[in-house]
Amino acid sequence: MRSDRGQSAPLGLKVAAAGGLLFLHLPILLIFVYAFTTEEKSFVWPPPELTTQWFAVTWNRPDVWEALSLSIRVAAISTAIALVLGTLCAAAVSRTRFFGRETISLLVILPIALPGIITGIALRSAFALADIPFSFWTIVLGHATFCVVVVYNNAVARFRRTSGSMIEASMDLGADGFQTFRHVVLPNIATALLAGGMLAFALSFDEVIVTTFTAGQQQTVPIWMLEELIRPRQRPVTNVVAMVVVLVTLLPILFAYYLTRDGDQIAGSGK
Amino acid sequence: MPRATAPAILPGSGGMRGAFSDLFWRRPKLLLLLMLLPPVLWLGIVYIGSLFALLLQSFFSIDEFSGLINREFTLKTYGDLLQAANLDIILRTVTMAALVTLASAVIAFPIAYYAARYARGRWKALFYLGVMLPLWSSYLVKVYAWKLILAKEGILTWLFGKLNLLWLLDGWLSLPIVGGNSLSVSFTGTFIVFVYVWLPFMILPVQAALERVPGNLVEASSDLGASPGQTFRNVLFPLALPGIVAGSIFTFSLTLGDYIIPQIIGTSRLFIGQAVYSQQGTAGNIPLAAAFTVVPIVIMGFYLWGAKRMGAFDAL
């Protein structure tokens, strides 16, 4: 009898798994240390001394605030569009089987399955052909397109777990389609949509490749960072912004996780 | 007034709303059409339309004297794409993508296996978050962090110095192709950062595939006398393969198209993404840039087709 049910994992496996996780996390933690270093010109390790002065310097930089404001506005509008499109698509695909259903799910996945540079240059060349000048809306157009899939994935998973018989029951009890949507469907999918929206927001807030092709002269936070990486002006400011970006994106992710973690116990799933 | 019993069938709610509601109930296909129309129109026009416009431009050519785009259909640009220098770029990128995919699969497997088979309760959640947080944290911040680590005066050099292993680092950096002035300007650095950034995309589908493997299958294998290695080769690996293929869609495709990592951490020798970027930007040769993007599209087309046949889409 060599079965290992209930036993703990072999040591080698534990070490490899822990090592992999450390590999994933240490570099990000490092950013936090660098945000406090007194060394201004290079990436010296270990930091000679620690200081908080760069936070004040960053706070007084108008270009950082402009980039942040643009990023937030773009992410908010793109998320709103993605929520509508993604939910509609998920509702259609999960409820019914129809000709071209597979094509549609492929269509939704394609903008993230193909490299971002393709989406970026395709949009740019289309803007050029159609004589559309770069603006806030050209950025949104690109972002909303690849954000749809995140909302779609979350919504589809929840729709599959929501029992169809609840909708039938609601209709049998005399509710019309809109009431059923408002009082039965929406409460069931709300947390999944919120989670999808959070993830879409984080995705848009962080996107750099598609944005470089659709932004013209405007700078979102990632474009600002890219510019600083290629032509550094004040390295410590970049460190501080990097740390803030990590915190700003992690919170929505944690919240989205919190919202979908009990996904298996949604009402009516057992029927 | 006594309460009347509710009629078995209620009258419709009336008005526009009721009429629509009834219409949708009677004609579900109409509702389906209305639901699908906005997303399909958006993705069809904005995305597929743009892709088509891009494809179209790859059949234009650039006039070498005036630098203007000649809007006549020709295969000349594809001829340019097949020049030795460009083929070099394509080969370099595909090799890197394959190596990154392979390394990601190797590193991802133990994490995914531990999370799928041994982690329970709180540990399971911790593992999940441990993969999700790096996946979702800012791409540029991650690249930036590695710039700090790999730079000549950065952590790795310091670490190698502390361990008295600088000779090893210098030896590696003096090698042709993989080496360079420092890790942050070498293919080794590019490779490490690619693996780091795409690794979570590999872990999640592999974990999903492994979670579907019943534990007693592994037990049966070892009860029947198989060594852990044999169990891995004959039971676990084949069953995890769709997950690995699903993960490789991301690691491979993302490496094929990325131009920021090799630009920030790497040598001056180009990858496809950088070639696309410089052709459309500084060189102003949109047709050649478009033809370059057709390469990853075609490769990924075949890749997705093969992956679908292996059942990888169910593991996504």
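Since this is a predicted model, take the numbers as computed values, not measurements.

Procedures and definitions
- Residues numbered from 1 in each chain as written.
- Chains lettered and ligands numbered in written order.
- Predicted model: local features only at pLDDT ≥ 70, side-chain atom pairs only at ≥ 80, totals over all residues.
- Heavy atoms only, no water.
- Axes fitted to C-alpha atoms, helices over the stretch in contact; angles between N-to-C directions.
- Helix = DSSP H or I, 4+ residues; strand = E, 2+ residues; numbered from the N terminus.
- Parallel < 35°, antiparallel > 145°, perpendicular 65-115°, else oblique.
- Left-handed = near helix turned anticlockwise from the far one by under 90°.
- Contact = heavy atoms within 4.5 Å.
- Nonpolar A, V, L, I, M, F, W, Y, C, P; charged D, E, K, R; others polar.
- Expected span 1.5 Å × (residues − 1).
- Bend = angle between axes of the 7 residues up to and from the residue.
- Buried area = accessible area lost by both parts, 1.4 Å probe.
- Salt bridge = Lys/Arg side-chain N within 4 Å of Asp/Glu carboxyl O.
- Buried < 20%, exposed > 50% of the residue type's maximum accessible area, 1.4 Å probe, protein only.
- pLDDT = per-residue confidence, 0-100.
- Patch = residues over 30% accessible without salt bridge, like charges linked within 9 Å, V, L, I, M, F, W, Y side chains within 5 Å.
- Areas by Shrake-Rupley, 256 points an atom, 1.4 Å probe, with all protein chains shown as cover.

A. Molecular detail of the packing of helix H5 (residues 116-129) of chain A against helix H13 (residues 272-280) of chain B. Packing of H5 of chain A against H13 of chain B leaves a shortest axis separation of 11 Å and a crossing angle of 15°. Compared by their axis directions, H5 of chain A and H13 of chain B come out roughly parallel. Remark: the crossing between H5 of chain A and H13 of chain B carries left-handed chirality. Between H5 of chain A and H13 of chain B, the residues in contact are Ile117, Ile121 and Arg124 of chain A and Gly273, Val276, Tyr277 and Gln280 of chain B, respectively. Within the contact of H5 of chain A with H13 of chain B, the residues separate by chemical class into four nonpolar, two polar and one charged.

B. View of helix H11 (residues 228-257) of chain B. The terminal C-alpha atoms of H11 of chain B lie 38 Å apart, and with 30 residues this falls more than 12% below the ideal 44 Å at 1.5 Å per residue. The sharpest bend along H11 of chain B measures roughly 50° and falls at Phe237 of chain B, with the proline Pro238 of chain B sitting one to four residues further on.

C. Structural detail: the interface of chain B and chain A. On the side of chain A, 92 residues touch chain B, which itself brings 86 residues to the contact. When the two sides are added together, the surface that chain B and chain A hide from each other amounts to roughly 8,300 Å², 78% of it contributed by carbon and sulfur. For the chain B face of the interface with chain A, the top three residues by lost area are Tyr47, Trp136 and Tyr144 of chain B, together amounting to 10%. Scanning the region where chain B abuts chain A turns up one salt bridge. In this structure, the salt-bridge partner of Lys308 of chain B is Glu102 of chain A, at a minimum N-O distance of 3.0 Å. In terms of residue count, helix H2 (residues 28-57) of chain B provides more of the side of chain B that touches chain A than any other element does, 16 residues in total. Split into classes, the residues belonging to the side of chain B that touches chain A amount to 60 nonpolar, 16 polar and ten charged.

D. Expanded view of the pattern of salt bridges. Following the criterion strictly, the structure yields eight salt bridges over all chains and no others. For Glu227 of chain A, the salt bridge is made with Arg231 of chain A, and the minimal N-O distance between the two is 2.9 Å. The class for Arg231 of chain A is exposed, based on a relative accessible area of 52%. Note that Asp80 of chain B is salt-bridged to Lys76 of chain B, the shortest N-O span being 3.7 Å. Taken together, the residues span about one helical turn, with Asp80 of chain B and Lys76 of chain B both in helix H3 (residues 76-81) at a distance of four residues.

E. Examining the confidence of the model for chain B more closely. When pLDDT is averaged across chain B, the result is 85; 94% of the residues are at 70 or more. Of all helices and strands in chain B, the one with the weakest mean pLDDT is helix H1 (residues 15-26) of chain B (75), whereas helix H4 (residues 84-117) of chain B scores best (93).

F. Inspection of the confidence of the model for chain A at higher detail. Residue and element names in this part refer to chain A. Averaged over all residues, the pLDDT of chain A is 83; the fraction at 70 or higher stands at 93%. Mean pLDDT across the elements of chain A bottoms out in helix H7 (residues 164-172) (80) and peaks in helix H3 (residues 62-95) (91). Predicted confidence is poor over residues 1-5, with pLDDT under 50, and the contacts of this stretch with residues over four places away or in other chains come to eleven contacts. The model gives residues 264-271 a pLDDT under 50, and that stretch makes eleven contacts with residues more than four places away or in other chains.

G. Spotlight on the side chain of Thr255 of chain B. Residues and elements named next belong to chain B. Assignment of secondary structure puts Thr255 in helix H11. Under the relative-accessibility criterion, Thr255 is labelled buried at 0%. Apart from residues lying up to four places away in sequence, Thr255 is in contact with Thr93, Met96, Ala97, Val100, Phe194, Trp198 and Phe250.

H. Inspection of a nonpolar patch on the surface at higher detail. Together, Phe178 of chain A together with Met16, Phe20 and Leu23 of chain B make up an exposed nonpolar region whose accessible area comes to about 380 Å². With three residues, the top contributor of residues to the nonpolar patch is H1 of chain B. Tracing the backbone through its elements, the reader meets Phe178 of chain A in helix H8 (residues 177-206).

I. Spatial organisation of the side chain of Thr293 of chain B. Along the chain, Thr293 of chain B turns up in helix H14 (residues 286-309). Leave out the neighbours within four places in its chain, and Thr293 of chain B touches Ile118 and Ile121 of chain A together with Leu54 and Val276 of chain B.

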